[in-house]
Amino acid sequence: MVPGARGGGALARAAGPGLLALLLTVCAPLRLQAEELGDGCGHLVTYQDSGTMTSKNYPGTYPNHTVCEKTITVPKGKRLILRLGDLDIESQTCASDYLLFTSSSDQYGPYCGSMTVPRELLLNTSEVTVRFESGSHISGRGFLLTYASSDHPDLITCLERASHYLKTEYSKFCPAGCRDVAGDISGNMVDGYRDTSLLCKAAIHAGIIADELGGQISVLQRKGISRYEGILANGVLSRDGSLSDKRFLFTSNGCSRSLSLDPDGQIRASSSWQSVNESGDEVHWSPGQARLQDQGPSWASGDSSSNHKPREWLEIDLGEKKKITGIRTTGSTQSNFNFYVKSFVMNFKNNNSKWKTYKGIVNNEEKVFQGNSNFRDPVQNNFIPPIVARYVRVVPQTWHQRIALKVELIGCQITQGNDSLVWRKTSQSTSVSTKKEDETITRPVPSEETSPGVNITTVAIPLVLLVVLVFAGMGIFAAFRKKKKKGSPYGSAEAQKTDCWKQIKYPFARHQSAEFTISYDNEKEITQKLDLITSDMAG
């Protein structure tokens, strides 16, 4: 035996426990770091009364040794609805891999494996904590859930397809956050969508709802068509689709027509470009060529610098205030000029007012719209809420090679039927839910000072009549005594008029009904009313 060998072994054995303890001490923080509460959370979009949540990597395999814990709420006084669109957790015992819902008074779960899981939970609270934990596993997508307040019992998940429903007409509530959930759609807002398309994702694509808000959708199911043409709209790319038995469309407010533009006087720009073709002739890329329906080159800016400073703009004068619900854009449309705008913001104004920037509803920050990805294909973006203005400007933020644009504005004229359209955001304090993006006020609105459930007219009229009767009686009694002294049993006609009729007539003139109508007698009044529409989105 080699001297010292036994001693070395003994030394190793003596150091073994200490070394193991050292390794555990070093590794423990690493494991804790891997199991931080938000480490296992994936896609998460929440609004005041709805939202969407998934595990990390969904619909791919969720990671090992992670924890996702989030508390979701709806306005106080409302009950919380949870809908599970998908649950695929490998564990059969829920010991280390599970999904659990906990409120102040109840616990739902844990759920895992092949156990029967309720697709919908109606909780007796407005707040719940969602906890998803994973251990060591090989497969499993994790989970996808949506939630909403009890104002929306027709809540669906982001994974619902039109083919899941048999009715030809129906209405559902889409939660916030369905745009970026995996799943295809085929078709467009004009021809309709293939029935295999995701409903809520298609509604965002069609401009019916905004992804950050969610909202109510009304669906019409129709006979299918031979081919579905895809388009990029509102950040969602729909794909071309083949023949199907059925398709679906969305009902809308009807304000989605092309707004005609006069190229001679309605369109101008910060600058324009002139190029020379192969024959040596000058080609003008003027603002008047920015109409989407026109053939030939588009408008292009004179500045081709690549520093991406947003100082160029294209301005459109609609001649009068109009309701603008969307915009379609293309690039140069010329194959040998690969120019297009990749992102832009919208400015707008009315007569004698300053330019305002269109802002997002949730964060009230400048909203940047996704533009084109090539020079040819049109892209659509919708404005929710709509813009009500006479002048609009497209202000490019990023572009490819050179700024080039063709545009088409979508909207409608302002009429007596839609001039009271007001965007109403869901109020956290009042817990009022808005089912439609636009609501038309068609009946008198009570004063804010009026107590709920009390009609001023029913209280005021009896009081007025009582006062009138008292004063009339006193007047008649005084006149009777006066004439009795003079020997005349009746007062003169003039006395009756001044002492009785006057007392009856004027008390009514001083008390007006709580009901009122809105009339626009001049430009100033209609401006004040219509500016309500954009007050929430303009700084």
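Values in this document were obtained by computation on a predicted structure and should not be read as measured data.

1. A few points about the packing of aromatic side chains
All told, the structure shown has 17 aromatic pairs when counted by the stated rule. Their ring planes at 25° and their centres at 5.6 Å tell us that Tyr193 and Phe248 sit as a pair that is stacked. Residue Tyr193 is found in strand β12 (residues 192-194), and its partner Phe248 is found in strand β16 (residues 246-250); the two are separated by 55 residues along the sequence. Seen in terms of ring centroids, Tyr358 and Phe383 are 5.5 Å apart; in terms of plane orientation they differ by 45°. Their pairing is tilted.

2. A word on the environment of Gln295
Tracing the chain through its elements places Gln295 in the loop between β20 (282-285) and β21 (299-300). By relative accessible area, which is 76% here, Gln295 ends up exposed. Residues Gln295 and Gln334, 39 residues apart in the sequence, show an inter-C-alpha distance of 10.0 Å.

3. What about unusual backbone geometry?
A cis amide bond links Gly109 to the next residue, Pro110, at an omega of 5°. Mapped onto the secondary structure, Pro110 falls in strand β6 (residues 107-111). Despite not being glycine, Thr333 has its phi angle at roughly 70°, a positive value. Along the polypeptide, Thr333 turns up in the loop between β22 (314-330) and β23 (340-349). On the accessibility criterion, Thr333 (29% relative accessible area) is partly exposed.

4. Points about the sheet that holds β12
Backbone hydrogen bonds hold the strands of a sheet together, and the pairing may be parallel or antiparallel. Spatial strand order, β10-β13-β16-β12-β11: five strands in an open sheet with antiparallel pairing. The open sheet has two edge strands with one neighbour each: β10 (169-174) and β11 (187-188). Where β11 and β12 come together, two bridges link them in antiparallel fashion. Bridging across to β12, Gly187 finds its partner in Tyr193.

5. Re the pattern of salt bridges
For the structure on display, the rule yields 18 salt bridges. Put simply, Arg227 and Asp240 hold a salt bridge, and the shortest N to O gap is 3.4 Å. With Arg227 in the loop between β13 (215-223) and β14 (232-233) and Asp240 in the loop between β15 (236-237) and β16, this pair connects stretches of sequence that are 13 residues apart. For Arg393, the salt bridge goes to Glu315, with nearest N and O atoms at 2.8 Å. Separated by 78 residues along the polypeptide, Arg393 in strand β26 (residues 379-400) and Glu315 in strand β22 bring together distant segments of the chain. Overall, Arg393 belongs to the buried group, its relative accessible area being 14%.

6. Examining the sheet that holds strand β5 (residues 98-102)
Sheet architecture is open: four strands sit in the order β3-β8-β5-β6, paired in antiparallel fashion. At either end of the open sheet lies a strand with only one pairing partner, and these are β3 (66-73) and β6. Pairwise comparison of adjacent strand axes, ignoring direction, gives a mean angle of 10° for this sheet.

7. Quick word on the state of the cysteines
Per the stated rule, a full pass over the model turns up five disulfides. Covalent S-S linkage joins Cys41 and Cys68, the inter-sulfur distance amounting to 1.9 Å. Taking the sign of the torsion about the S-S bond as the criterion, the disulfide between Cys41 and Cys68, at about 95°, is right-handed. Here Cys68 lies in strand β3 and Cys41 lies in strand β1 (residues 41-46), a separation of 27 residues in the sequence. Judged by its relative accessible area of 15%, Cys41 falls in the buried class. Each disulfide pairs two cysteine sulfurs, and for Cys158 the partner residue is Cys178, the sulfurs being separated by 2.1 Å. Because the sign of the S-S torsion sets the handedness, a value of about -75° for the bond joining Cys158 and Cys178 places this disulfide among the left-handed ones. Placement of Cys158 in the loop between β9 (142-149) and β10 and of Cys178 in the loop between β10 and β11 is noted, with a sequence separation of 20 residues between them. Along the chain, the cysteines engaged in disulfide bonds are linked according to the scheme 1-2, 3-4, 5-7, 6-8, 9-10 when indexed in sequence order.

8. A short note on the side chain of Ser244
Here Ser244 lies in the loop between β15 and β16. In this structure the side chain of Ser244 is engaged in a polar contact, spanning 2.8 Å, whose partner is the backbone oxygen of Lys246. If sequence neighbours within four positions are ignored, Ser244 has contacts with Arg194, Asp195, Gly224, Ile225 and Tyr228.

9. Topic: the environment of Asn277
Mapped onto the fold, Asn277 is located in the loop between β19 (273-276) and β20. Engagement of the side chain of Asn277 in a polar contact is seen with the backbone nitrogen of Ser279, the distance being 3.0 Å.

10. Observations concerning the confidence of the model for the chain
For the chain, the mean per-residue pLDDT works out to 79, and 69% of the residues sit at or above 70. Across residues 1-15 the pLDDT falls below 50, and counting only partners more than four positions away or on other chains, this stretch makes one contact in the model. Below a pLDDT of 50 lies the segment residues 484-539, which in the model reaches 69 contacts outside its immediate sequence neighbourhood of four places, other chains included.

11. Some thoughts on the nonpolar core
Nonpolar side chains tend to gather and get buried jointly when the protein is soluble and globular. Counting 28 residues, the largest nonpolar core has Leu80, Leu82, Leu99, Phe101 and Leu145 as the members making the most contacts within it. For this core, the elements supplying multiple residues, two or more each, are β3, β4 (80-88), β5, β6, β8 (127-134) and β9. Contact partners of Leu145, with chain neighbours within four places excluded, come to Gly51, Thr52, Met53, Leu82, Arg83, Leu84, Gly85, Phe101 and Val130. Listed in part, the 27 residues of the second largest apolar core include Met346, Tyr358, Phe369 and Val392.

12. A few points about the pairing of β16
In this structure, β12 lies alongside β16, joined through two bridges in antiparallel fashion. Across the sheet, residue Tyr193 finds its bridge partner in β16, namely Phe248. In the sheet, β13 pairs with β16 via five bridges, with the strands oriented antiparallel. Note that in β16 the partner of Gln221 across the bridge is Phe248.

13. With respect to the pairing of β23
The element β23 is largely enclosed, with a buried count of nine among its ten residues. Direction of pairing for β23 relative to β26: antiparallel, over a ladder of nine bridges. Residue pairing for β26: Val341 is matched across the bridge by Trp399. Across two bridges, β23 lies against strand β25 (residues 369-370) in antiparallel orientation. Each residue of the ladder has a partner; that of Phe344, found in β25, is Phe369. The pairing of β23 with strand β24 (residues 356-357) spans two bridges and is antiparallel. In the strand pairing of β24, Asn347 is matched with Thr357. Connecting β23 to the antiparallel partner β24 that follows it, the hairpin turn spans six residues, and Asn352 within it adopts a positive phi of roughly 55°.

Rules and cut-offs
- Residues numbered from 1 in each chain as written.
- Predicted model: local features only at pLDDT ≥ 70, side-chain atom pairs only at ≥ 80, totals over all residues.
- Heavy atoms only, no water.
- Phe/Tyr/Trp six-rings, centres within 6.5 Å; stacked < 30°, edge-to-face > 60°.
- Helix = DSSP H or I, 4+ residues; strand = E, 2+ residues; numbered from the N terminus.
- Buried < 20%, exposed > 50% of the residue type's maximum accessible area, 1.4 Å probe, protein only.
- Pairing = 2+ DSSP bridges.
- Salt bridge = Lys/Arg side-chain N within 4 Å of Asp/Glu carboxyl O.
- Axes fitted to C-alpha atoms, helices over the stretch in contact; angles between N-to-C directions.
- Disulfide = S-S within 2.5 Å.
- Polar contact = N/O pair within 3.5 Å; in protein donor to acceptor, adjacent residues only side chain to side chain.
- Contact = heavy atoms within 4.5 Å.
- pLDDT = per-residue confidence, 0-100.
- Core = buried A, V, L, I, M, F, W, Y, C linked by side-chain atoms within 4.5 Å.

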